[in-house]
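# Per-entry structural report
In case you want the letters, here they are:
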Amino acid sequence: VLSANNNLWPARSFYMFAKRSAPPPPQPQVRPAPTPVVPVTVPAFRYVYSLEKQRWVEIQTNVCVPNPARGFEAGGMRICFEIEEVDEKGERTANVAKFFKKNIDRVVEVDYFNEGAAQCMSEEFAQNFNRRQAIVTARCEENPLRCVGGTCQISFLMCHVVRIRQKDLPANLAANPALYGRESFFTFR
């Protein structure tokens, strides 16, 4: 435990007025070497929402988690991990995996699919809006007195759902999903 000024003294030991004698020299703390974080690549299924078919299309893929020990960002409801999709040629595409935090109650798998479908539909609405804005902008240029304000472009990121089956995990992770820690990638559902 570090003290408030981040030296190696335990947090409960503070020397506020040491006039007569100096504090004892700090004792080096022996800390276990951190477990090296090894990227984990696993087979997975990526689901892409088809607006035309109004259903999810399944695609087999591979996912690499460069740092399964911890996420790189978190908000109020979700935690984010860096992942890479690996194609059959070994080419990698950087992505962000978002999980609902563990303190969000009653999350089930369908929640991820509902959020993904809403994201895809929102992008479709945004594109329709952008096309409409282009028409309005053209009319504004013909007669500037008709229009007030500027134009804008709206966009939503494409969202896919990825499923990694328990049976596809390496044996050490299948036996112990918390191998890299309680808040590591493979402990989220």
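Placed above this text is the structure.
Now for a look at the structure at hand. (Residues numbered from 1 in each chain as written. Predicted model: local features only at pLDDT ≥ 70, side-chain atom pairs only at ≥ 80, totals over all residues. Heavy atoms only, no water.)

### Structural notes on unusual backbone geometry
The phi torsion of most residues other than glycine is negative, and most of the peptide bonds are trans. Unusually for a residue other than glycine, Gln54 sits at a positive phi of about 55°. Relative to the helices and strands, Gln54 resides in the loop between β1 (40–50) and β2 (55–65). The backbone phi angle of Arg106 is positive, close to 60°, even though this residue is not glycine. Among the secondary structure elements, Arg106 is positioned in the loop between β5 (92–100) and α1 (109–142). (Helix = DSSP H or I, 4+ residues; strand = E, 2+ residues; numbered from the N terminus.)

### Some words on the pattern of salt bridges
A full pass over the atoms with the stated rule returns six salt bridges. Linking Glu115 and Arg78 is a salt bridge whose minimum nitrogen-to-oxygen distance equals 2.8 Å. On the criterion of sequence distance, the pair formed by Glu115 in helix α1 and Arg78 in strand β4 (residues 78–86) is long-range, its members being 37 residues apart. The closest approach of N and O atoms between Glu109 and Arg163, which form a salt bridge, is 2.8 Å. Placement of Glu109 in helix α1 and of Arg163 in strand β6 (residues 161–163) is noted, with a sequence separation of 54 residues between them. The exposure class assigned to Arg163 is partly exposed, which follows from its relative accessible area of 28%. (Salt bridge = Lys/Arg side-chain N within 4 Å of Asp/Glu carboxyl O. Buried < 20%, exposed > 50% of the residue type's maximum accessible area, 1.4 Å probe, protein only.)

### Overview of the packing of aromatic side chains
Applying the stated criterion across every chain, the model contains ten aromatic pairs. A ring pair is formed by Phe81 and Phe188, whose centres lie 5.9 Å apart and whose planes are at 65°; its orientation type is edge-to-face. In this pair, Phe81 sits in strand β4 while Phe188 sits in the segment after α2 (171–175), placing the two residues 107 residues apart along the sequence. Each of the two residues, Phe81 as well as Phe188, counts as buried. Look at Phe185 and Phe186: their rings are 4.9 Å apart centre to centre, the planes differ by 75°, and that puts the pair in the edge-to-face class. Of the two residues, Phe185 and Phe186, both sit in the buried class. (Phe/Tyr/Trp six-rings, centres within 6.5 Å; stacked < 30°, edge-to-face > 60°.)

### Here we look at the pairing of β5
Each regular strand shows side chains that alternate between the opposite faces of the sheet. In terms of strand pairing, β4 meets β5 through nine bridges, oriented antiparallel. Bridging from a neighbouring strand, Ile79 pairs with Phe99 of β5. Taking the residues that link successive antiparallel strands as the turn, the β4-β5 hairpin has five residues, and the phi of Gly90 there is positive, at about 90°. (Pairing = 2+ DSSP bridges.)

### Some points on the nonpolar core
Trp56, Phe81, Phe99, Phe185 and Phe186 are the most contacted members of the largest nonpolar core, which has 27 residues in total. Elements with a minimum of two residues in this core: β1, β2, β4, β5 and α1. With six residues, the top contributor of residues to this core is β1. If sequence neighbours within four positions are ignored, Phe99 has contacts with Met77, Arg78, Ile79, Phe81, Tyr112, Phe185, Phe188 and Arg189. (Core = buried A, V, L, I, M, F, W, Y, C linked by side-chain atoms within 4.5 Å. Contact = heavy atoms within 4.5 Å.)

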